[in-house]
Each structure stands twice: as C-alpha cells, then as structure tokens.
Amino acid sequence: MNKNLLLILMFLAPFVSIAQTFSVSGTVVEAETEMPMPGVNVLVKNSTKGVVTDFDGNYTLDNLEEGDIIIFSYIGFETQEVPFTNQSTINISLQPDSQALDEIVLVGYGQQVKKQVTGSVSTVGDETIDNLEPTNAAQALQGTTSGVNVAMNGGAPGSNANIRIRGVSTNGQSKPLIILDGFQYEGGLNSINPADIESFTVLKDAQAAIYGTIGANGVILITTKKGRKNQKVRVEYEGYTGIQQTTRKLPLLNAKEYALYLNEAYANAGQDVPFTNVNDLGTETDWQDEVFDQAMMRSHNLSFRGGEENVSYSLSASNLYQEGIVSPSKSNFERSTAKLSLDVDLSEKINVSTKLFYSSVDVKDINSFALGSVLFNANNIAPIIDPSQDNLDGTIDLGNEVVNPLTQTRNTYNSSLIDRLSGTVQASIDYAKNLNLQGRIGFNSTNTRHRDFTPEFNYGAGKIYTTPTSSVTLGKINDYDYTFDLFNTYENTFGENHDVTFLLGTTVYQNKSEGLYGSRNDVNANSWDFADLSSATGVGEDQTNSSYSYIVRRLSYFGRLQYSFKDKFLFSAMLRRDASIRFGPSNRVGYFPSVTAGYVLSEEDFFDSDFFNLFKVRGSYGVLGNDQFGSFQYLALLNGEATYVLGPDQSLVNGNALGVLANQDLQWEEAKKLDVGVDIEFLENKFSIVADYFHNRRDNLLIPDIGVSGIYGTGAPGAGSPTINAGEVVNKGWEFALNFNEKVSEDFSLSANYNISFLDNEVTEVQNGLGYLEGGGFGVGQPAPSRMEVGFPMGYFYGYQTNGIFQTQEEVNAHPSQEALGAEAQPGDIRFVDINGDGVIDENDRTNLGDPIPEVTMGFNLQVNYKNFDLSAYSFASLGQEIVRNYERNQPNVNRMRYRLDRWTGPGTSNSVPRATVASTSNNAFSDFFVEDGSFLRIQAVTLGYTIPKEVTEKIYLDKFRVYGKVDNIYTFTKYMGYDPTASTGDPIGQGIDYGFYPLPRTFSIGVNLQF
C-alpha cells in the first residue's frame, strides 16, 4: 500500500510543480521624492490579475507564476515592467514622465492637450523655478522663454522687473497681464513666493484674446502648487543663506591721477592749477570701496501637502530677507508669505476649491537709480575728500549736486509696509452629460503704508540737498479689486473623430483705490524716532495734505469654440466683449475676436516616420485691447488753477479751473496679432523644436499733449492739452526654441534648452502735429534724448553724431561753427557732423544715435544628473541694443572715468576722447560719445547639488536630504563701461538710459532641501 502511494505521489509531483503559484509584495514610491504612491496600478501582463497600491504605497499580488511580467503604471509617470522570478519583495521607484507632464497646457479659462494647442504658448515648470530660486519670480522667465525679455529695475533689494513680451508696443503701460490661479493679480511678482509656483504659462499671440482689453501686452498664467489626493502628508523645507557683493566697480581716477587731470584741465583753460603738490594730497579715498559692502540674504520655505480620498490640501509659509550691497542697514527687503490651498470633492460631480495668499513686505531703500543717487555721488565725488567729512565746505568745489554719499545714506530714513491678501474661491459642477459649470471669485486687498523722514542737515554752501528744517511725509493707500468669473464648458466627441469644446462665460472686474498723504516740517528732536505728523510742529505752507479715490469697472462676455478632427485638423475661435468705464459712452464697448488653426501632419498615414514623433503647423490672428492707462480722460476735471476778479472791490481770488482738456472719443488701444509656427518632436521625443514668425501691429495708441489753440486755456497752471488715439507701432520677428532631454542610463540624464528671438520694432504713426514724442533725460538743461517717431524704434536715442576730435585749428576753421551747442570749438574738442548740411551745427543736426530695444535675445540652459549629483546652469544674452552713459556729471572738479587718461593732448594723440579743460565747450552735448553698445551675455546661475543616499537619510527619518551650492549673476560679458548693461527705467520713451544704475549683486549661497 505504501509502495503504491509513493508511486502515485511521484507521478503527481511534476504536475504539482507546474501549477505552483507565488505571492509578491512591496512598496511603490516617487523616484524624485521617495514618497509613497497610493493608487498605482500593479498588473500582470496579458492577464486580468492586478491590484492598486494602498495609502502607504504598499501592495500584495497573489497567484503569480515564474516568468510573469508585472506592470507598474500611474498617470504622469513612466510605466515599469518587472519580470517575476520568484522574488518575495519588489520595491519600485517610478520616474516622472516628462512627456506626460507636459501634455496639459493652460490656455485661459481652461486647459488643452499640448498636442492640440494652436497658439504660441511657452511654459516654465517648477524644476526650472526651483533650480533658479529667484528672489523675484519674474527672473525665472529670463532666458528660459523665447520672446520674453525681463529687465530688473536695478539690483536694490525688492526691485521690480520690467517684463516685455515680443517687444515694446505702446508709449503707455507695457507690462503683461498676470493671472494667478485664475484671477487677475496686481501685486507684482516680487510679492509672490517663487517656491509656491508650479508653472508659468505665457500666452504670446492671439490665444490671449480671450482676455480682451487687458491682454494686448501678453498674458502670464501662474499655477501654484497644491496637494494630491490619496497622498500622505509631505513636509518639505527649503532654506538657504548667501553673501552678496557687487559684480563690478567703475574704473575711476585715483587721487594722483585726479589731481594731474584737473591741473591740466585748469591749465588748458588759462587758470591757476588747484594742486601745487600732487605727491602730497593728504587723503586718498576709493569711494566705491566705501559705498559697496558685502550683504547677506536668507530664505526659508516650509510646506505641508497631502490629501485623502476626496480632499487635497497644501499649506506653505516663507520668509526672505535681503540686504542691499549699498548701505545694508538702510537698504533691505523682507518678504513673508503664507499660502493655503484646499480642494474638496463634495460628490462625483461637485468640486470646490480655494486658495489664499498672504504677503507682508517691508522695504527700506535709498536713492538708487536717478541723478543724485548714492552711486552717482560715489562716482563723481573727488577722491581727495575724507569719508568722514559730511559738510563739504572748505573742500574742492564740486558744484551744487555732488555730496558725500556716506552722509547721504546716513541721512536716508524711510519705510514702506505692504500687506496683501489675495485669493480665489471656485466651484465646479458637472450638472449634465458633457456640461460643466464653473464659478470663481478672486480678490486682491492691499494696504500700503509709507513713511519718509528728511532730517535737518547742512551738506555745504549751495548744496541742493541741504535741508534747513526737518520734514516727515506719511502716506496710506488702500487698493481692493475683485474678479468674478462664471463660465460653462461643453465637451463631446461625435463619431469618434470630431472633438468639440465650447466655452461661454462672463467676467466682472472692479478695482477701487484710495490714498491719503500728509507732510509736515520741524520734526521733534530732528529724529526718525519721532517722525510723525503729530510730533512735527510746522505750520502754514509747511503742512500739506492730499488724497485721491477712484473706481474702475469692467464687464465682459466671452466665448470660445475648439474643434479637432482625428487629432490632426485643429481649429479654435474666440470672441470677447468688454465694457469699461475708463471710456465715454460712445466707446465703452469693444469686441475682440481671434481665430487659431493647426494641422498635425504626423497624424497622417502618408507621414509615417520613425524619425518624427510630432510635426504640427499652426497659425493665429486676433485683436486684443489695452486699457491700462489713466482713468477718465474722457472727462474734464476742475483740477486746474485760475485767478478770478470778484466782488465790488474787484479783488483777486485764487480758484479752480479746467485741468487737462477732455476727449470724449477716447478708446482703447488695439493689438492685431498674427503668428505662424511649427512644433516638431523627433528621435523618440528626445528633441523638440518650436519656431514662430509673428507680426504685431498696435494702433490707436494714446498720444498726449495734442496741440490745440491757447484759447482753451491749456497754458494755465494744472491745465493741459488732450490725449487722443493717434499712434501706431509694429513689432515683428522670429522665435526659435530647441529642447533636448535624454536619460542616458539609470545613473545619468541630461537636458538642455536653447531659445533665440529676433525682433524688429518700428513706430509707424504719431499724429500730434509734431510727428514725435520726447522722453528721458540727459544731464541738466539739455533736450530730451529719446523719441517716439515714425520710421524709428520706440524710444530711440536722438542727439548729435560725432566724427572724431579736432586735431588742429585749421580743422576747426574748415568745419561748420559749433557755437550754438555751447562754445566755439578748439583743437581737442569733439567734432560734430553737420547732418543737414546748412553750415551750422545746431539742434537741427540731431539724428538717430541708437536703439534701446535688443534685436536678438537668447538663452541657453543645462541640467545634468549623475547618480546623486545634480548640476544646472542658466544663461541669457541680449544683443543689438544701445545704452546711454548718463552717470558722469558735467562739473569742473568731479572725478572722471579712467578712459579720460586717453584724452587728446596734442595733434595725433587721440581721436576719440576730448581734451581736459574746465572752460566752456560743447563736448558735453548729448551725442554718440555717450552712447555705448549694450549687448551682453550673462551667466545667470549655476547650482551644484548632492542628495544624500536614502539608506543614510532613513536613519534620521528623512525621505530626502539634499545640499547644494549656488552662484547667481556669475559674470556678464559686455563692452559697456557702466555697472550693468541692463540699466533701464522701463519707460517706453526713455529706457536704456543709465543714471547710475544699482548693479545686480553676485550671490554665493548654500542651502538644503528636506522632505519627510
């Protein structure tokens, strides 16, 4: 019996072995964060067996056989396939799928699959923002996005940025519209914590027409980070500290060179020399060393993100403190922010969400970018003056403007506190099949308080900064605006090939602002501690006050149709109707249509290719508006001044009169935007190319001060000529972006981006009776150096063209007279060109001296990952623009730049730098002598990081521990002699003039990223 049983068991053994099954378990985490991933699909290939990971990312899969293939998949991550060879445990790290993450693109009041986008849209993701870690979020767009130019308003802490999309199109407000999580944001990007931003989306063409009267300058859509449903809470901390220093010092004359130069200048003018012993000057001061200082900065960011089955949440807080590299105690910026995000599914069809943003900004600043700025004084004050000498009486005469910059900063007292609460509340309802209704209200509430104190102080006889009595000025501004959006979306597919999305909605916007100002003299104890209106004792005209209040409303209706046939024929059409109270009744309503189309050739059967993954051509045309200018110019206000004869004694009485004349026909500017582009992806999506040609025509520009008859009283105090729609500007050009992304091995990955933009800007109409508008400033008492004129770029430089230096008196005699410019020329003076050939050099000989708008901008960015190391580098360049050197004061005894050592000293010695003299000359008339090439290439940031291995961090209960070092503003390659070639006020007419630009600092920082 036992023998028979043994034979039966031996016979069944092979079959038992064949049918034997196993189990496997493990955990699935995100490769980047090492956080558990709930909801991951774990399936056996070619079977119906499968499970989903639990809340902690764990799974158990039963009934496996050797040789089975286990598939791990999750939306937005690369799918992994693992052969089963009887392992008991399989742990998986899923990598983000960059292709999938890029699939969805915001397009305004909705989103669209990237493949089907037919407009010119660029995106910047959180990886780029995190690598750059900018203090101002706008800096993340510089060099990373084609067609977008970002120039900081100087390097002072908290400086704002001038953002221009595809050139300067108007003589008015040129900044783009900022949409933060769906609502209009007016706070400025320096008030947003960059660590909270998930992505930027830039709408550059007619795609922005959905925003009507506020979209002409382009639209930047900002999406902030939020939690993920079914995710355990993730805590992240990021902090860094850094040291800042100036990137450059101007090459100025030292004390001995200064003395020798002045002696020569006085001798050439036939006057006694001021220094009889240049070897014993007593004091030698390097004022730039005195003014510049190392400054610290620090940043802390803490966030909590997670979610349950129907809820996701995010809470974050940050603090940034930055000192200035000029007088850190008087120039600093502190920003504290908090953000709350909550998303709740009330049911399968109803979702509500809210995001709240709070920021508190404390700014103290110095005069950093104007004639008379701290750096202006540091560059012009004599190097023989002792830094401790506050009153310059008894020293060499430097005119009435130049003072001791150290004294200037010590006597600078001001503070600006800005508290801002912004947010949005949104509800989404799928109320019927294929229909979704969304309602959203967003708001901004801002309270600004400013205090400025000027102490009583004597800088020296005749100095314009001398204040015989102290004064205090207080200001308080309250701004509030809200945006209400209600829009309905219909989505459906007909016959499997026809995809239709129809959007219909309305927007209500209101902005209310009021301000109150007051000033008073004779502050108690002449002290900042008592600088308040109540403690000042000034009376009469010494006590002033003013206020303002206004409301702006806009009612809009919009619609958009998107159609796709077989994912290859794409079409969309948009129409927006806006009504704004900025305009009179006859022009209150405007209509802004646009259309876009695309053709995906790679979807065609005849385009079957192993090389191309995507080949799409697209085009767009639309009309957008711009109403971002002064309110109610169609009304005449009684803010002018007049004197009346009243009463029986016919006494003179001061009163009010009409101010600026009204124009009831005023209307918004209109932008006609044309774009034709192509999107190409090839070699398994490793490479992508985006190319665009654009032609933007902005007409109906608002031209102020139109000449009218004096009978209307436009010459009275406070009065003025009207503004009319009478200008036009054209911007056209090309944009290219090339991207490369390759995971070479498990240990090594590489990505690179190169973008380049070509721009041609031209003013094509100015109908104000003169044919041009003037702007900017150069020196004192000279004509405006910038113009908006037909046939030239916006704000081009207008002055005298030079032709070397006069070498002999014979050359002077043979040349047209230059006396009209200030003095007759002598050998060694600048020779100006007689442009009109009338034999006299005068203001009629001024001509085009250069263009402040770059012809070419580009960026090159690189990211490398090798094992636990990561390296990123960002650079950008701007080519073809000019910049005006306007920080040298025209006074006899001020210091000079070292290029003056190459001056003319006799025939044949120099043909570029004029002679040294304190006599009257025309050498300081605005000419191309002061205009330089402003082209530059800047290494913007380089970061090297190291992530500590997981087996180490687990012991200290951390999911991630990364340390890094970073250098910002490493080096700028440029021929420009000033501090920084990006110097600009941002004014359309007057940009590119350097008044003593506060340089962008170079920053060395170290930091950590922690996740647990």
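Quantities reported herein were computed from a predicted structural model and do not represent experimental measurements.

Student: Explain the overall build of the protein chain residue by residue, including any values.
Tutor: On a plain count of helices and strands, the protein chain comes out with nine helices and 49 strands. Relative to the globule expectation of 31 Å for 1012 residues, the C-alpha radius of gyration of the protein chain, 34 Å, shows essentially globular dimensions. Along the three orthogonal principal directions, the C-alpha set of the protein chain runs to about 135 × 70 × 65 Å. Here the analysis covers contacts within the protein chain between residues at least 6 apart in sequence; of these, 70% occur between residues at least 24 apart. Summed over its atoms, the accessible surface of the protein chain is roughly 44100 Å², and 54% of this surface lies on carbon and sulfur atoms. Between the centroid of the 73 positive side chains of the protein chain and the centroid of its 120 negative side chains there is a distance of 4 Å.

Student: Kindly report on a nonpolar patch on the surface, identifying the contributing residues and their values.
Tutor: Together, L346, I350, V425, I429, Y431, L437, I441, F484 and L486 line one region of the surface with nonpolar side chains, adding up to about 710 Å² of accessible area. For the nonpolar patch, the elements supplying multiple residues, two or more each, are β22 (413-432), β23 (435-454) and β24 (471-494). No other element matches β22, which puts three residues into the nonpolar patch. Looking at the secondary structure, you find I441 in strand β23.

Student: Any details on helix α4 (residues 255-268)? Residues and values, ideally.
Tutor: Between its first and last C-alpha, α4 extends 20 Å over 14 residues, near the 20 Å set by a 1.5 Å rise per residue. Burial analysis of α4 places 10 of its 14 residues in the buried class, which makes it a mostly covered element. By the N-cap criterion, in which a side-chain oxygen at the helix start approaches the backbone nitrogen of a residue two or three places on, α4 is capped by N254, the distance to K256 being 3.2 Å. Positive backbone phi, at 75°, marks G270, one or two positions downstream of α4.

Student: Hey, could you go over the pairing of strand β38 (residues 796-799) for me, with residue numbers and the actual values?
Tutor: Side-chain alternation along β38 places Y796 and Y798 on one buried face and F797 and G799 on a second face that is also buried. Here strand β37 (residues 786-789) runs beside β38; their pairing, made up of two bridges, is antiparallel. Bridging across to β38, R787 finds its partner in Y796. Here β38 pairs with strand β41 (residues 847-850) via three bridges, running antiparallel. The residue bridging Y798 from the neighbouring strand is N848, located in β41.

Student: Explain the sheet that holds β41 to me, and be specific about the residues and the numbers.
Tutor: Reading across from one edge, β36-β37-β38-β41 is the order of the four strands in this open sheet, with antiparallel pairing throughout. Strand pairing shows two members of the sheet lacking a second neighbour, β36 (772-775) and β41, which therefore form its edges. Recorded for the sheet is a direction-independent mean angle of 45° between the axes of neighbouring strands. Inspection of the sheet shows β36 paired to β37 by four bridges, in the antiparallel sense. Each residue of the ladder has a partner; that of E774, found in β37, is R787.

Student: Give me the lowdown on the confidence of the model for the protein chain, citing residues and values where you can.
Tutor: For the protein chain, the mean per-residue pLDDT works out to 91, and 97% of the residues sit at or above 70. Long-range and interchain partners of residues 5-19, a stretch whose pLDDT sits below 50, account for zero contacts in this model, where long-range means more than four residues apart.

Student: Give me the sheet that holds strand β1 (residues 22-30): which residues, what numbers.
Tutor: Overall, mixed pairing links the three strands, which are arranged β4-β1-β7 in an open sheet. The sheet is open, and its two edges are formed by β4 (58-64) and β7 (92-94), each paired on a single side. Pairwise comparison of adjacent strand axes, ignoring direction, gives a mean angle of 30° for this sheet. Pairing analysis gives five bridges linking β1 to β4, with the strands arranged antiparallel. Note on β4: the bridge partner recorded for V24 is L61.

Student: An account of the packing of aromatic side chains is requested, with residue identities and associated values reported.
Tutor: Under the criterion given, the structure shown has 39 aromatic pairs. Ring geometry for W734 and F736: centres 6.2 Å apart, planes at 5°, overall stacked. The class of F736 is partly exposed, set by a relative accessible area of 33%. With a centroid separation of 4.9 Å and 50° between ring planes, the pair formed by F778 and F926 is classed as tilted. One end of the pair, F778, is in the loop between β36 and β37; the other, F926, is in the loop between β44 (882-885) and β45 (931-933), and 148 residues separate them in sequence. Assessed through its relative accessible area of 6%, F778 is described here as buried. Through pairs of rings, three or more aromatic residues link up here, namely F607, F611, F612, F615, F682, F687 and F740.

Student: Residue-level account of the environment of K867, with values.
Tutor: Here K867 is to be found in the loop between β42 (856-866) and β43 (869-879). Here the alpha-carbon distance between K867 and S749, two residues 118 residues apart in the chain, equals 9.1 Å.

Student: Account for the pattern of salt bridges, with residues named and values stated.
Tutor: With the rule as written, the count across this model stands at 49 salt bridges. We note a salt bridge from E264 to R903, for which the minimum N-O separation is 2.6 Å. Of the two residues, E264 is situated in helix α4 and R903 in the loop between β44 and β45; the sequence distance between them amounts to 639 residues. For the pair E264 and R903, a shared accessibility class is recorded, and that class is buried. Here the salt bridges do not stand alone but share partners, grouping R166, K204, K616, R618, D675, D679, D692 and E735 into one network.

Student: Outline the environment of F860, supporting the account with residue identities and numerical values.
Tutor: Structurally, F860 is set in strand β42. The exposure class assigned to F860 is partly exposed, which follows from its relative accessible area of 43%. Separated by 144 residues in the primary sequence, F860 and F1004 place their C-alpha atoms 21 Å from one another. If near-sequence neighbours (up to four positions away) are discounted, F860 is found in contact with G143, N753, Y754, A873, Y874 and S875.

Student: Describe in detail unusual backbone geometry, supporting the description with residues and values.
Tutor: Unlike most non-glycine residues, N86 shows phi in positive territory, near 70°. One can find N86 in the loop between β6 (80-83) and β7. Even without glycine at this site, K867 takes up a positive phi of about 50°.

Student: Give a detailed account of the side chain of T507, specifying residues and quantitative values.
Tutor: Within the secondary structure layout, T507 lies in strand β25 (residues 498-521). In contact with T507, not counting residues within four places along its chain, are Y109, T483, F484, D485, R554, L555, S556, F558 and R576.

Student: Before we move on, can you summarise the nonpolar core with the specific residues and values?
Tutor: Y258, F275, V326, I384, I385, I396 and L398 are the most contacted members of the largest nonpolar core, which totals 64 residues. Broken down by secondary-structure element, the contributors of at least two residues to this core are α4, α5 (287-291), α6 (374-380), β40 (830-832) and β44. At seven residues, the largest contribution of residues to this core is made by α4. With near-sequence residues (within four places) excluded, I385 lies in contact with T283, T285, W287, L392, T395 and L398. Grouped together as the second largest cluster of nonpolar side chains are 25 residues, A140, I178, L180 and F200 included.

About the cut-offs
- Residues numbered from 1 in each chain as written.
- Predicted model: local features only at pLDDT ≥ 70, side-chain atom pairs only at ≥ 80, totals over all residues.
- Heavy atoms only, no water.
- Helix = DSSP H or I, 4+ residues; strand = E, 2+ residues; numbered from the N terminus.
- Rg over C-alpha atoms; globule rule 2.2 N^0.38 Å.
- Contact = heavy atoms within 4.5 Å.
- Areas by Shrake-Rupley, 256 points an atom, 1.4 Å probe, with all protein chains shown as cover.
- Lys, Arg positive; Asp, Glu negative; His and termini not counted.
- Charge placed at Lys NZ, Arg CZ, Asp CG, Glu CD.
- Patch = residues over 30% accessible without salt bridge, like charges linked within 9 Å, V, L, I, M, F, W, Y side chains within 5 Å.
- Salt bridge = Lys/Arg side-chain N within 4 Å of Asp/Glu carboxyl O.
- Expected span 1.5 Å × (residues − 1).
- Buried < 20%, exposed > 50% of the residue type's maximum accessible area, 1.4 Å probe, protein only.
- Polar contact = N/O pair within 3.5 Å; in protein donor to acceptor, adjacent residues only side chain to side chain.
- Pairing = 2+ DSSP bridges.
- Axes fitted to C-alpha atoms, helices over the stretch in contact; angles between N-to-C directions.
- pLDDT = per-residue confidence, 0-100.
- Phe/Tyr/Trp six-rings, centres within 6.5 Å; stacked < 30°, edge-to-face > 60°.
- Core = buried A, V, L, I, M, F, W, Y, C linked by side-chain atoms within 4.5 Å.

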